[in-house]
Amino acid sequence: MQDVPFIPELSVKPEVTAFFDEATNTVTYVVKDPNSNACAIVDSVMDIDYASGRITYESADKVIDFVKANGLQVEWLIETHVHADHLSAAPYIQQKLGGKIGIGANITVVQDTFGKIFNEGTEFQRDGSQFDRLFEDGDSYEIGTMTAHALYTPGHTPACMTHVVGDAAFVGDTLFMPDGGSARADFPGGDAGVLYDSIQRVLALPDETRLFMCHDYGPNGRDIQWETTVAEEKAHNIHVGQGKSREEFIQFRTERDASLAVPKLILPSLQVNMRAGEVPTDARGRPMLKVPVNAF
Ligand SMILES: [Fe+2]
């Protein structure tokens, strides 16, 4: 499990542009091939005012404007996992710019779990067919002349993957910046021990690998950051750095998770993101979200 099932190509250096969404502390990335106009977009954000049920696209439009201004061709819309804290804008961006929407093949596990919690009918497919591509561990795909690799890194959720492109890795919520530690592992299907093992997989990449976070919360008042390296995480990560043991991590993570509040947008996020970013509809075809009572 800790072996990386491909040979990292450190000489390939994708051009990475980050877009930070202040409302959800999410970082969206445009990952461009230096040798062509091809790019991928990782973890896009659709804006929601949950109190009013209003959905808008300011965040996604910034990314779309950047892609258009630079004449880029979107080949992939990658979701590192089913996010519980923001809604994906992948279908909106796909409609405007094209590209295939991809996620880890274990999306089917997530769909099964939350299909039950949200009491979705039989019309909700739990086979991942809402996505254009389901990645298995070690699968590769092309972004222009670059080869990208999907690395299975579950624990935060069952479908979490890290996407490695040349010397860059997009870790989703597998890791935070060194002073942020790691993401929670207490959602249904999450597991602290499995998350520890997945983090070791990321740390098995070459030391100089650039790591790009999906989130940053600016701990202790520092400015927002989203990029670090494997070497920095190994040396300084407050949850797993300096060879912290699996047992220590599980104990710490479990205690910490018990004290965390439920993410503000978990209910709309899961319903939308398990459908590849499509808003569910009611029997009359109107976009509609549910609130299951006492389910979380
Ligand atoms: Fe997440």
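Residues numbered from 1 in each chain as written. Predicted model: local features only at pLDDT ≥ 70, side-chain atom pairs only at ≥ 80, totals over all residues.

## Things to note about the UniProt feature "domain: Metallo-beta-lactamase" (unreviewed entry) in the chain
Worth spelling out the cut-off: UniProt positions are given in the numbering used here, feature names are shortened, and annotations may be inferred rather than shown by experiment. Helix numbering and strand numbering both begin at the N terminus, where a helix is a DSSP run of H or I of at least 4 residues and a strand a DSSP run of E of at least 2.
In this structure's numbering, the residues bearing the UniProt feature "domain: Metallo-beta-lactamase" (unreviewed entry) are residues 25-215. Taken end to end, residues 25-215 comprises 23% helix and 30% strand; its first and last C-alpha atoms sit 6 Å apart.

## A word on the packing of helix 4 (residues 192-203) against helix 6 (residues 246-258)
To keep things clear, this is the line we draw: Between N-to-C directions, angles cover 0 to 180 degrees, with each direction set by a line fitted to C-alpha atoms, over the stretch in contact for helices. In this scheme, roughly parallel covers angles under 35 degrees and roughly antiparallel covers those over 145, while 65 to 115 is roughly perpendicular and the rest are oblique. Here is the rule for handedness: rotate from the far helix to the near one, and if that takes an anticlockwise turn smaller than a right angle the crossing is left-handed, while a clockwise turn gives right-handed. In this description, a residue-residue contact is defined by the distance between C-beta atoms placed from the backbone, which must lie within 7 Å. Gly falls in the polar group here, along with every residue not listed as nonpolar (Ala, Val, Leu, Ile, Met, Phe, Trp, Tyr, Cys, Pro) or charged (Asp, Glu, Lys, Arg).
Contact geometry for helix 4 and helix 6: axes closest at 9 Å, N-to-C directions at 125°. Classified by the angle between their axes, helix 4 and helix 6 sit oblique to one another. In this structure, helix 4 meets helix 6 at a crossing whose hand is right-handed. The segment helix 4 lies against helix 6, with Ala192, Gly193 and Tyr196 engaging Arg246, Phe249, Ile250, Arg253 and Thr254. Residue composition of the contact of helix 4 with helix 6, by class: 4 nonpolar, 2 polar and 2 charged.

## Structural notes on unusual backbone geometry
Where we set the bar: Working definition of burial: number of other C-beta atoms within 10 Å of the residue's own, with buried at 20 or more, exposed at 12 or fewer, and partly exposed in between, all C-beta atoms being placed from the backbone.
We note that alanine 276 has phi near 60°; this positive angle belongs to a residue other than glycine. Assignment of secondary structure puts alanine 276 in the segment after helix 7 (266-273). For alanine 276, a count of 22 C-beta atoms within 10 Å corresponds to the buried category. Positive phi, close to 60°, is recorded for asparagine 294, a residue that is not glycine.

## Some details on the environment of threonine 157
Assignment of secondary structure puts threonine 157 in the loop between strand 10 (146-152) and strand 11 (161-165). For threonine 157 and glycine 128, which are 29 residues apart along the polypeptide, the C-alpha to C-alpha distance reads 15 Å. Excluding residues that lie within four positions of it along the chain, threonine 157 makes contacts with His81, Val82, Val110, Phe187, Gly189 and Gly190.

## So, the sheet that holds strand 6 (residues 73-78)
Rules: If DSSP finds at least two bridges between two strands, the strands pair.
Judged by pairing direction, the sheet is mixed, and its 6 strands sit side by side in the order 1-2-3-6-7-8 without closing on themselves. Each edge of the sheet is formed by a strand with only one pairing partner; in this case those strands are strand 1 (15-21) and strand 8 (133-135). Put simply, the sheet's adjacent strands are angled 25° from each other on average, direction ignored. The pairing of strand 2 (residues 26-32) with strand 3 (residues 38-42) spans 4 bridges and is classified as antiparallel. The residue bridging lysine 32 from the neighbouring strand is cysteine 39, located in strand 3.

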